[in-house]
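# Structural overview for review
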Amino acid sequence: MRASCDGLVIRETEYGENDRLVTVLTAEHGQMLMIAKGARSLKSKTMSLCRLFTYANFEYYEKNGRYWLSGGSVNDSFFGISSDIQGFALASYVVQLASEITGEEAGAERTLRMTLNTLYAIEKRLKPFAQIKSVYEIFASEESGFSPDIDGCDMCGDEKPESDFWLDIMNGRLVCGKCLSQRNATAEAIKNEELRIQSILVPMDISAVSAWEYVRRAELKRIFSFELASAESLERLAKASEAYITNHLERSFETLEFYNAVKE
Ligand SMILES: [Zn+2]
């Protein structure tokens, strides 16, 4: 059976002597693993479809329970991304996250749309890379169903504390500085290891918390349209969302290590 589908290449590897394996993220079927015969040959008509970050209409057929790429046409290759090492590193991390939060045979319309918007934002440098990265990480947490509760301090309910907030990564909540120092004092007084809560705490401020809240609720087309109060707030947001997504997905990403190694 021959068919065609719009999708984005989120992973590509060499396969056999002269072929390529591509993972295409599609709205209808989620991830589709396709074999492109002869795609490493310069004469191949599928070669241009197999590049990472290529958004195309893929023509394929199904045989022996596998998808075989037969042709197609490129919609957007996000060519500009590859001209900048930081942008390339960030885009590589974004598609790896996309691969992590989607699966086969499960629609991925929202994640596909968000990933395309993000690649566009990286290519055109619509916002600082730290902000684009953070937005995608918050989106990924939300899509995976483990968003933190960031409606004020979880312990006292204060929504605008004088002292800053801390994001309690493992418990998915905010704690204000006052409650944190009280809790630490109590734990210190008890001196009982078992009662001490194992936690990873990342400092946040009101601007970073409002930005997180904005991203959670924004329509995809407006999801990058916000400003942080300062460069420090952006840095806090960026650290918090990175710690949050990697701890909740319980894995590290080599693409993230690469991005952190090459970022300014
Ligand atoms: Zn509090």
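Fair warning: this is a prediction, and the values are worked out from it, not measured in the lab. (Residues numbered from 1 in each chain as written. Predicted model: local features only at pLDDT ≥ 70, side-chain atom pairs only at ≥ 80, totals over all residues.)

## Some thoughts on the overall build of the protein chain
- The helix and strand tally for the protein chain stands at seven helices and nine strands.
- Summarising its shape, the C-alpha atoms of the protein chain cover approximately 70 × 40 × 30 Å along the three principal directions.
- Within the protein chain, the fraction of its 264 residues that count as buried is 35%.
- When contacts within the protein chain are restricted to residue pairs at least 6 apart in sequence, long-range pairs at least 24 apart make up 62% of them. (Helix = DSSP H or I, 4+ residues; strand = E, 2+ residues; numbered from the N terminus. Buried ≥ 20, exposed ≤ 12 C-beta atoms within 10 Å, placed from the backbone. Contact = placed C-beta atoms within 7 Å.)

## Re the environment of N64
- Inspection of the secondary structure puts N64 in the loop between β4 (55-63) and β5 (66-76).
- A tally of 5 C-beta atoms within 10 Å means that N64 is categorised as exposed.
- For the pair N64 and N247, spaced 183 residues apart in the sequence, the C-alpha separation amounts to 38 Å.

## Section: the domain arrangement of the protein chain
- Segmentation of the protein chain into domains returns domain 1 (2-76), domain 2 (110-147 + 205-262) and domain 3 (149-203).
- The centre of domain 2, based on its C-alpha atoms, is set 23 Å off from the matching centre of domain 3.
- With 12 residues of domain 2 at the interface, the matching set in domain 3 holds 12 residues.
- Of all the elements in the fold, those that place two or more residues in the side of domain 2 that touches domain 3 are α5 (206-217) and α6 (231-249).
- Its residues assigned to classes, the side of domain 2 that touches domain 3 comprises seven nonpolar, one polar and four charged. (Domains from an automatic or database assignment. Nonpolar A, V, L, I, M, F, W, Y, C, P; charged D, E, K, R; others polar.)

## Observations regarding α6
- Here α6 is 19 residues long and its end C-alpha atoms lie 27 Å apart, about the 27 Å a rise of 1.5 Å per residue gives.
- Among the residues of α6, those classed as buried are L234, R236, L237, A238, A240, S241, E242, Y244 and I245.
- The inward-facing, buried residues of α6 abut α3 (129-143), β7 (165-168), β9 (201-204) and α5.
- Immediately downstream of α6, the backbone of E250 shows phi near 55°, a positive value. (Expected span 1.5 Å × (residues − 1).)

## Some thoughts on the nonpolar core
- L90, A91 and V94 are the most contacted members of the largest nonpolar core, which has 69 residues in total.
- With nine residues, the top contributor of residues to this core is helix α1 (residues 85-101).
- Apart from the residues within four sequence positions on either side, V94 is in contact with T115, T118, L119 and Y136. (Core = buried A, V, L, I, M, F, W, Y, C linked by C-beta atoms within 7 Å.)

## Focus: the packing of α1 against α3
- Running from N to C, α1 and α3 cross one another at 0°; their axes reach a closest spacing of 10 Å. Our classification of the angle between α1 and α3 gives roughly parallel. Here Q86, L90, V94, L97 and I101 of α1 come into contact with α3, specifically with F129, I132, K133, Y136, A140 and E143.
- The class makeup of the residues in the contact of α1 with α3 is eight nonpolar, one polar and two charged. (Axes fitted to C-alpha atoms, helices over the stretch in contact; angles between N-to-C directions. Parallel < 35°, antiparallel > 145°, perpendicular 65-115°, else oblique.)

## Describing the sheet that holds strand β8 (residues 173-176)
- Taken in spatial order, the four strands of this open sheet run β6-β8-β7-β9, and their pairing is mixed. Across the chains shown, the open sheet's two edge strands, defined by having one partner strand only, are β6 (149-153) and β9. The sheet shows a mean angle of 30° between the axes of neighbouring strands, taken without regard to direction.
- With four bridges joining them, β7 and β9 adopt antiparallel strand pairing. By the bridge assignment for β9, F165 is matched with M204.
- Lying over the sheet, α5 contacts β6, β7, β8 and β9, oriented at roughly 145° with respect to β6.
- Its contacts with the sheet put α6 on β7 and β9, and the angle it makes with β9 is roughly 150°. (Pairing = 2+ DSSP bridges.)

## A look at the sheet that holds strand β3 (residues 30-36)
- An order of β1-β2-β3-β5-β4 is seen for the five strands of this closed barrel, with the pairing classed as mixed. The average undirected angle you get between the axes of adjacent strands in this sheet is 50°.
- In the packing of α1 onto the sheet, contacts are made with β1 (2-15), β2 (19-26) and β3, and the angle to β1 comes to roughly 115°.

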